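# Descriptive analysis of the structure
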Amino acid sequence: MGKLDGKIAFITGAARGQGRSHAIRLAQEGADIIAVDICAQIASVPYPMSTPEDLAQTVKEVEGLGRRIVARQADVRDLPALQQAFDDGTAELGPVDIVLANAGIGPGGMATEDDQWADVISVNLTGVWNTGRVAIPSMVERNQGGAIVLTSSTGGLIGVGLPSAGFQGYTAAKHGVVGLMRSWANYLAPYSIRVNSVAPTTVKTPMAANGDLSVITAGSPELARVLANAMPVDAVDPVDVSNAILWLVSEDARYVTGTVVPVDAGQLNKR
């Protein structure tokens, strides 16, 4: 028996990194998955983004666990496309119980300041809002409870004091995610739908140079200071975040809502 037997989870940014890890971890506990990812490059993003092959690998790994999965390419900024992906998934798998608004991009440096700001805000904040707009109405109508987790960051709880538009936009967006989580938590509590957030430190994913801080912080002593953890690790593994999310969406946390769970190796406490 798994902790999530019979549950359906809608996960954005699921092609690789944290999103794939979340899909696998929830599937290990019995959940079926609706997986969404853009699988394309955004011009302002300075690292290679996910591909259709990455999303296919997520499908392979979830199916290898004996779970069902519906995967679609969709941009979280594109509300109609995201709605279609959600509708396709629920038509095949059933109504959604769990929502993980995980899709996000790192601070850009490959475009104008206006484009860096616009892209990171639209993906990391508007995309999270769109995910809720797609999933929440059916959860409310069904009135069977549920759990939503929004991926913020330690950068959503502290001020990353860097002058670039990309970092300022990232910090603003991740702070906004926490505010959105608190608003939804109050709105949805009467329906027994719990809403929480996770705030990871650097995670070993392609977005963060697989945890290589020497790459991430090259030429920026201030960023190196901001990203330093209290515990003797530069970065956590994706599954460390997945395990926190598993707890939040399971009955083990049935009365936990409106909170932020740091998975940060003590980074916030150190400050």
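Cut-offs used in this document
Residues numbered from 1 in each chain as written. Predicted model: local features only at pLDDT ≥ 70, side-chain atom pairs only at ≥ 80, totals over all residues. Heavy atoms only, no water. UniProt positions renumbered as here; feature names shortened; annotations may be inferred. Pairing = 2+ DSSP bridges. Helix = DSSP H or I, 4+ residues; strand = E, 2+ residues; numbered from the N terminus. Axes fitted to C-alpha atoms, helices over the stretch in contact; angles between N-to-C directions. Contact = heavy atoms within 4.5 Å. Buried < 20%, exposed > 50% of the residue type's maximum accessible area, 1.4 Å probe, protein only.

The chain is annotated in an unreviewed UniProt entry as 3-ketoacyl-ACP reductase from Parafrankia colletiae. Its UniProt record gives the chain the following Sequence similarities (unreviewed entry) comment, quoted word for word: "Belongs to the short-chain dehydrogenases/reductases (SDR) family."

Let us look at the sheet that holds strand β3 (residues 69-73). Strands pair in a sheet through their backbones, by hydrogen bonds, and they do so in one of two ways: parallel or antiparallel. Spatially, seven strands are ordered β3-β2-β1-β4-β5-β6-β7 in an open sheet, and the strand pairing comes out parallel. Every other strand in the sheet has two partners, leaving β3 and β7 (260-263) as the edge strands with one partner each. The average undirected angle you get between the axes of adjacent strands in this sheet is 15°. Judged from the five bridges that link them, strand β1 (residues 8-12) and strand β2 (residues 32-37) form a sheet pairing that is parallel. Paired with T12 across the strands is V36, a residue of β2. Against the sheet, helix α2 (residues 52-63) engages β2 and β3, with an angle of about 175° to β3. The strands that helix α5 (residues 165-188) touches are β5 (146-151), β6 (193-200) and β7; relative to β6, the one it contacts most, it runs at about 160°.

A word on the side chain of T205. Take T205: it is sitting in the loop between β6 and α6 (213-216). Overall, the relative accessible area of 7% leaves T205 in the buried class. Ignoring sequence-local partners within four residues, the contact set of T205 consists of G17, Q18, N210, G211 and P238.

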